[in-house]
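Now for the letters of each chain:
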Amino acid sequence: MAPLSLPLSSLLKHKDCLQKANAFCNVLQSLHHRPCTSRLWKRSFGAVAHGVGQLLSHRPGSPNYAASVCRSSSAGQDMTERLRAVYNETKKQTEALIPAIFTNSINPDTIFANNEMSLRDTEIYGFDYDYTLAFYSRHLHTLIFNIARDILITNHRYPEGLRKYEYIPNFAVRGLHYDVQKGLLMKIDAFHYIQLGTVYRGLDPVPEEEVIAMYDGCHVPLENMSDFYGKSSHGHTMKQFMDIFSLPEMTLLSCVNDFFMRHNIDYEPVHLYKDVKEAIRDVHVKGIMYRAVEADIEKYICYGEQSHAVLKKLSEHGKKMFLITNSPFDFLTSRIFVLRNRGMNYIVGKDWRDLFDVVIVQADKPGFFNDRRKPFRRVTDKGALQWDRIHKLEKGKIYKQGNLYEFLRLTGWRGSKVLYFGDHIYSDLADLTLKHGWRTGAIIPELRKEIKIMNTEQYMHMMAWLQALTGLIEQMQVHRDAASQAVVEEWIQEREAMRSQTKDIFNSQFGSLFRTYHNPTYFSRRLSRFADIYMASISCLLNYDFQHTFFPRRTPLQHEAPFWPEHDYLCIFSYPLCQ
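Residue positions within a chain follow its written sequence, with the count starting from 1. Residue-level local features of this predicted model are given only where pLDDT is at least 70; pairs of side-chain atoms are given and counted only at 80 or more, and the full residue set underlies all totals for whole chains, interfaces and linings. Working from all heavy atoms in the structure, the side-chain values ignore hydrogens and water.

**Q** How should I be thinking about the pairing of strand β3 (residues 124–127) in this particular structure?
**A** Each regular strand carries side chains that alternate between the two faces of the sheet. Burial of β3 is two-sided: the residues Ile124 and Gly126 facing one way and the residues Tyr125 and Phe127 facing the other way are all buried. Across four bridges, β3 lies against strand β9 (residues 320–324) in parallel orientation. Paired with Ile124 across the two strands is Lys320, which belongs to β9. By the convention used here, strands pair only if DSSP detects at least 2 bridges between them. Counting from the N terminus, the helices are the DSSP runs of H or I reaching at least four residues and the strands are the DSSP runs of E reaching at least two. Where β3 meets strand β13 (residues 418–422), four bridges bridge the pair, whose relative direction is parallel. Paired with Phe127 across the bridge in β13 is Phe421. Categorising residues by exposure relies on relative accessible area from a 1.4 Å probe, with only protein chains included: less than 20% of the type maximum marks a residue as buried, more than 50% marks it as exposed, and the intermediate range marks it as partly exposed.

Below is the structure:
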């Protein structure tokens, strides 16, 4: 991570592309009555991966050949020919920018900041267990799906034909909303708008016209959205699925809906939702899943060598550490406690208790952060509960339930010196940042896959042209004659087709976890609000020292002009952000 690891000539690496970008801007300026301003082009190209936006943010230079061609057109030349000429020149100039964009790929081991935060001020590190310290293989989702499906058939008397349905690994993505009343799974953006093309009834998409008719448009009113924790309660008709364990639940809901529709069975969607929810809960709470995992721990739990390295590094630097998890217990047999102990042994090592100053299980988050009534209980190594009052949280001991207020009183760990990591935006992070002032880190395993896709030449090429085409439409829509409007309409249709392609490259049903076309998803909105930093796994901490300060990138607001070509500057350093 040494600064200035590249020669000074790196600063000039985009000179040719900058000249081409200026020419590109001039082409459009020649067809418009007012100057092509840097603000417009920064806005149009801001989403392109680390290159196009800042290249186009510079003031245009002298007219180039392409612009002069447009200017030299005879006064009687048909406007459609001029529009097609600028389209072709725009595409040519965009193609020329691709090599510069491709050099600025993102390192998936980067820690990304929503809020400025310094590790220098962080003295205590807290962790969730599932999908924070412990990562599971895809076999676990298949296991959850199969067990819950069989519970529906055996306990709730659902049709035997459901056994033909198998788990579909790439069907759903995290963060989707489910309309409990209508039985529809969908993706909603940060402004409560449904992304058309991502609404599914069963395993089939719902036509856009039908969606618009059902919702009187695409907007979901606030009173119908999920509640603060993503639940469908107190009149809310939407449920948001925010954790990775919910992927099998979404798939099972879709499969059962699909079965009923294909067999023309009349059913109540609300009952179906509640039955599936109860079946999934039984898989976890009754220990069915954990006994299956215990029988083949190596099949379901990924080895956590890097998790152990992170915890060791923190310990060696004198940092305090604690674990607060919702991990369920079956205290009649204590089998689940044994599994968690075995899981930590497998992931972190047999010395895992020596690394943590406090360990709390079955915390019942998010209630743990708000309910003052539940006291801590100590748990023996065999899972037995003790009845004595807790006056101190001791290292090496295991505690059950409790509440954050008692935790703060007993430890004194308050405010921004505490950083807590979890994968669930609501249950793990929301209350901590809003009510208690802790720093929060979101673990988003999907980042690795999405960044890998965004680093491909195919994706960068598509996004560069999509953004250029959007800017072209924005500029040229002022020509209101019928012939010009027909050409612009062709561009709009091409843009719509490309938007679908950029969605499908992530997930053919629902697209990216983070975007609904150009807008952030509802998931992204909550992530940016409740997480100071986010990363693919806690192993990303290994790339930084404990004096590091994370700075969010200053992305210009829509009414602001760019002042600094930020992305290019970052990429002249050998730093985790850029590869």
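There is more to say after this.
**Q** For this particular structure, what's the right way to read the sheet that holds strand β14 (residues 439–443)?
**A** By definition, the strands of a sheet pair up through backbone hydrogen bonds, in either a parallel or an antiparallel sense. If you walk across this open sheet you meet the nine strands as β1-β17-β14-β13-β3-β9-β10-β12-β11, and the pairing is mixed. Sheet topology places β1 (112–113) and β11 (376–379) at the edges, where each strand pairs with a single neighbour. As paired strands, β1 and strand β17 (residues 533–535) are joined by two bridges and run antiparallel to one another. Within β17, the position partnered with Ala113 by the bridge is Ile533.

**Q** Would you mind going over the pattern of salt bridges with me for this structure?
**A** Any two side chains of opposite charge can pair, on the condition that their charged atoms come close. Think of a salt bridge as a Lys or Arg side-chain nitrogen and an Asp or Glu carboxyl oxygen that are within 4 Å of each other. By the definition in use, this model includes 24 salt bridges. Residues Asp204 and Arg262 are paired through a salt bridge, measuring 3.3 Å at the closest nitrogen-oxygen approach. Within this pair, whereas Asp204 is found in strand β7 (residues 204–205), its partner Arg262 is found in helix α8 (residues 246–262), the two being separated by 58 residues in sequence. Using a relative accessible area of 35% as the deciding quantity, one classes Asp204 as partly exposed. Judged by its relative accessible area of 53%, Arg262 is exposed. Salt-bridge contacts for Lys320 lead to Asp357; the nearest nitrogen and oxygen are separated by 3.9 Å. In this pair, Lys320 sits in strand β9 while Asp357 sits in the loop between α14 (352–355) and β10 (358–361), placing the two residues 37 residues apart along the sequence. A single salt-bridge network, built from bridges that share partners, covers Arg149, Asp150, Glu160 and Arg163.

**Q** Explain unusual backbone geometry here, please?
**A** If a residue is not glycine, its phi is most likely negative; likewise, a peptide bond is most likely trans. The peptide bond linking Lys365 to Pro366 adopts the cis configuration, its omega dihedral lying at 5 degrees. Take Pro366: it is sitting in the loop between β10 and β11. A positive phi angle, close to 55 degrees, is found at Asn264, a residue other than glycine. Residue placement: Asn264 occurs in the loop between α8 and α9 (269–285). Not every positive phi belongs to a glycine, and Gln362 is a case in point at roughly 45 degrees. A relative accessible area of 22% places Gln362 in the partly exposed class.

**Q** How do you make sense of the UniProt feature "active site" (unreviewed entry) in the protein chain when you look at a structure like this?
**A** This chain's UniProt record puts "active site" (unreviewed entry) on Asp128 and Asp130. Tracing the chain through its elements places Asp128 in the loop between β3 and α6 (139–155). On the basis of relative accessibility, which here comes to 7%, the residue Asp128 falls in the buried class. Residue contacts for Asp128: discarding those within four places in its chain leaves Leu133, Leu323, Ile324, Thr325, Asn326, Lys365, Tyr420, Phe421, Gly422, Asp423 and Asp428. N or O atoms closer than or at 3.5 Å make up a polar contact, with two conditions inside protein: a donor-capable atom paired with an acceptor-capable one, and, for residues adjacent in sequence, both atoms drawn from side chains. There is a polar contact of 3.0 Å between the side chain of Asp128 and the side chain of Lys365. UniProt positions are given in the numbering used here, feature names are shortened, and annotations may be inferred rather than shown by experiment. Contacts were defined at the residue level, with two residues in contact if any of their heavy atoms lie within 4.5 Å.

**Q** Any chance you could explain the nonpolar core here in plain terms?
**A** One broad rule of soluble globular proteins: the nonpolar side chains tend to lie buried together. Residue types Ala, Val, Leu, Ile, Met, Phe, Trp, Tyr and Cys, when buried and joined through side-chain atoms within 4.5 Å, form a set referred to as a nonpolar core. In terms of nonpolar packing, the biggest core is built from 81 residues, with Tyr125, Phe127, Leu140, Phe356, Phe421 and Ile533 touching the most fellow members. With nine residues, α6 is the largest single contributor of residues to this core. Setting aside its immediate chain neighbours within four residues, Tyr125 contacts Leu119, Leu314, Lys319, Lys320, Met321, Phe322, Leu419, Phe421 and Phe546. By size, the runner-up hydrophobic cluster in this structure holds 54 residues, among which are Leu196, Tyr215, Leu408 and Trp413.

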